[in-house]
Protein chains: 2
Amino acid sequence: MKKNNTFQEIAKQLLAAKSVLIYPHVNMDGDAMGSGTAMCRALRSLGKESYVLIEDDIARNLQFLDEGYCTRNQDVMENPEVSLCLDCGDMSRFPKRKDKFLEGKVTICIDHHRTSQPFCDFNYIDPGVAATGELIYQLLLAMDAPKDRQTANALFAAISTDTGNFQHSNTTKQSHMIVADLYDWGVEANMVSREIYNRVRLERIRIQNRALQNMEIFAGGQAAMAYVDGRMLLETGAGMDETEGTVDQLKSIDGVEIAVFVKSDWPMDRSEEPSAPWLALPEKVKISMRAKSWSNVAAIAEKLGGGGHIKAAGCTLNMPLKDALPLIKKEVEDALL
Amino acid sequence: MKKNNTFQEIAKQLLAAKSVLIYPHVNMDGDAMGSGTAMCRALRSLGKESYVLIEDDIARNLQFLDEGYCTRNQDVMENPEVSLCLDCGDMSRFPKRKDKFLEGKVTICIDHHRTSQPFCDFNYIDPGVAATGELIYQLLLAMDAPKDRQTANALFAAISTDTGNFQHSNTTKQSHMIVADLYDWGVEANMVSREIYNRVRLERIRIQNRALQNMEIFAGGQAAMAYVDGRMLLETGAGMDETEGTVDQLKSIDGVEIAVFVKSDWPMDRSEEPSAPWLALPEKVKISMRAKSWSNVAAIAEKLGGGGHIKAAGCTLNMPLKDALPLIKKEVEDALL
């Protein structure tokens, strides 16, 4: 198995190259986007040709970080000397760019995921850091890259999103030390936060609102459950992905130990509608569960054929929504009472 | 006018005293509660008698910080040597405790509010810091107080809440440097965050949900408005204070430049109800406005007899809700279009 390199070894490779193509994972989050654009900007400042090569859309709340760095055009650079993948530990995380990645004369991987294994010529994988952005910061120091405001903003976006604004347990002393230093670079933390959190689609507000309207509190106030069905998506214009976060809102309720969020493409009310969009889809429900402190939702998910972690687990049930809700409710009650 | 002292001068006073009574402001927020309990714990660790004297209830999501420090019993200590007020710049912020405060042989004030003026024997007022907790941290260092986990948790609660989890523009390099150091004290940032944000009253979720149901988007998507009326409070069991945060949710919508939240104790539908609770109250509406980036809501508020800051302003209108909504809508449209 390949092993980790030092920041100095990797910096040397980057400084020696004339051209570097950067590969963040698909469905970029703040860490991938912030790390990628910070590195791209630094490389260009150092006189190199560099782009962030992507294969899908940039989330609208992260587009402010793209000052001409990102492209989906694989021909933007011919034969880049270095292929650098960020925040991903294997090539399945950039499937449509895999062949292009392997064109690089040197391949480098910088990542912080626990499951990642070194697979490139040079690797720095540290699951102990909260964000890949923290590793990029160290690497930029090793490269003696310019410490400017835009780079600081991109690194702040990376670190603040992956630490849940410094609330998650992955946050370390180093996370704060790095951000403190970014203030010397001129970071605009408030601007970055506003860009990231003040571009919520109206449809997202509407679908989460609709879900909370059917919220049920049970098990003596220890459990909260809500669902989204196909008709609610149709009526609000929201995508199912925009229901993300609803389960956390259920969990935030005082006294609630287990939060359950149920998603179904089919509607609760299955009245005949020959042209309904869900008719082409299988009738099943996806269940997400969260435990606040002492309970084990992985055990509940496993009983229902699913799995996950003690505090965050899920399962899929091949049945109509109206049958799934009482079933999951009973299992949660059994676990709590 | 009295001037600021040094941390060393104030530390000397505290170290020389046998008994210190601590006065946070009424309606304690995370900064007042965190600063007060951190200081109380430190003083007790140093062998002094100390309590945090309060005059109202502790918010349920901050009660975890009270490990026997807080009391409403003004007789808990007779003739305390030092009266120390925190996070408040004048005695109107602890009105029922004013006489007791003046009993202290020495009075000290530690605060970060812009409007505060030194009024005690010893003062440290710095509007440049994000939280009083940052000043307490410096003072504890000057006192050579023990650096333990519980003190760190209290200081983290103070700093993280007053900086909006390090997103507000008051956050500085020093805020992060202090929190980095608190990791060496053993801070449990994730536990503190969970306690603070995972004790939301069900009634709060319900009233905010009800308000979003009447949300109106206008001015070509640049404005969002919602209201809460007396009937919605009655039906959900929520207090009007639990609508706090709704205006920020309206502002978070992509494309929205001005968010308007309207509060009325009287209902929109004023059908005859001889026993309705609002009949004893004046019929008026309170309007809160927020600007996202370029607009000036203070100007709108001033036109309607109110005032505030450019990005956060408000006014009160002595009219029924059904008349106030179109009026405010027109003013916002005029400002945006």
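Preceding this paragraph is the structure being described.
So, how was this worked out
Residues numbered from 1 in each chain as written. Chains lettered and ligands numbered in written order. Predicted model: local features only at pLDDT ≥ 70, side-chain atom pairs only at ≥ 80, totals over all residues. Heavy atoms only, no water. Contact = heavy atoms within 4.5 Å. Buried area = accessible area lost by both parts, 1.4 Å probe. Salt bridge = Lys/Arg side-chain N within 4 Å of Asp/Glu carboxyl O. Polar contact = N/O pair within 3.5 Å; in protein donor to acceptor, adjacent residues only side chain to side chain. Helix = DSSP H or I, 4+ residues; strand = E, 2+ residues; numbered from the N terminus. Least-squares fit on C-alpha atoms with pLDDT ≥ 70 in both. Buried < 20%, exposed > 50% of the residue type's maximum accessible area, 1.4 Å probe, protein only. Pairing = 2+ DSSP bridges. Axes fitted to C-alpha atoms, helices over the stretch in contact; angles between N-to-C directions. Parallel < 35°, antiparallel > 145°, perpendicular 65-115°, else oblique. Left-handed = near helix turned anticlockwise from the far one by under 90°. Nonpolar A, V, L, I, M, F, W, Y, C, P; charged D, E, K, R; others polar. Phe/Tyr/Trp six-rings, centres within 6.5 Å; stacked < 30°, edge-to-face > 60°. Lys NZ or Arg CZ within 6 Å of the ring centre and 35° of its normal.

A. Region of interest: the interface of chain B and chain A. With 39 residues of chain B in contact, the opposing surface of chain A contributes 40 residues. For the pair chain B and chain A, the summed buried area comes to about 3600 Å², and 53% of that belongs to carbon and sulfur atoms. Where chain B touches chain A, the interface holds six salt bridges. In this structure, Arg60(B) engages Asp254(A) in a salt bridge whose closest nitrogen and oxygen atoms are separated by 2.1 Å. The tally of links from chain B across to chain A stands at 19 residue pairs in polar contact (both at pLDDT 80 or more). Those elements that place two or more of their residues in the side of chain B that touches chain A are helix 6 (173-185), helix 7 (189-197), helix 8 (202-213) and helix 10 (246-251) of chain B. Here the side of chain B that touches chain A gets seven residues from one element, more than from any other, and that element is helix 6 of chain B.

B. Just the relation of the copies chain B and chain A, in detail. When chain B is brought onto chain A, the operation consists of a screw motion whose angular component is 180° and whose axial shift is 0.1 Å, with 0.1 Å RMSD remaining. Considering both components of the superposition, the chain copies are consistent with a two-fold axis. A shared binding surface is used by both copies, with 100% of the interface residues of chain B retained as interface residues in chain A.

C. Inspection of the pairing of strand 6 (residues 122-125) of chain B at higher detail. Residues and elements named next belong to chain B. Of the two faces of strand 6, the one holding Phe122 and Tyr124 and the one holding Asn123 and Ile125 are both buried throughout. Note that strand 5 (residues 106-111) and strand 6 share four bridges and pair parallel. Bridged to Asp111 within strand 6 is Ile125.

D. How the structure looks around the packing of helix 2 (residues 30-45) of chain B against helix 5 (residues 149-162) of chain B. Residue and element names in this part refer to chain B. The N-to-C vectors of helix 2 and helix 5 enclose an angle of 160°; their axes lie 7 Å apart at closest approach. Regarding the angle of helix 2 to helix 5, the classification is roughly antiparallel. With respect to the hand of their crossing, helix 2 and helix 5 are arranged in left-handed fashion. Side by side, helix 2 and helix 5 meet where Gly30, Asp31, Gly34, Ser35, Thr37, Ala38 and Arg41 of the first sit next to Gln150, Thr151, Ala154, Leu155, Ala157, Ala158, Thr161 and Asp162 of the second. Grouping the constituent residues of the contact of helix 2 with helix 5 by class yields five nonpolar, seven polar and three charged.

E. Looking closely at the packing of aromatic side chains. Residues and elements named next belong to chain A. Considering all chains together, one arrives at 15 aromatic pairs over all chains under this definition. With centroids separated by 6.3 Å and ring planes inclined at 35°, the aromatic side chains of Phe101 and Phe119 adopt a geometry described as tilted. One end of the pair, Phe101, is in helix 3 (residues 98-102); the other, Phe119, is in the loop between strand 5 (106-111) and strand 6 (122-125), with 18 residues separating them in the sequence. Pairwise contacts between aromatic rings join Tyr23, Phe94, Phe101 and Phe119 into one cluster. The cationic tip of Arg44 hangs over the ring face of Tyr51; the distance from NZ or CZ to the ring centre is 4.8 Å.

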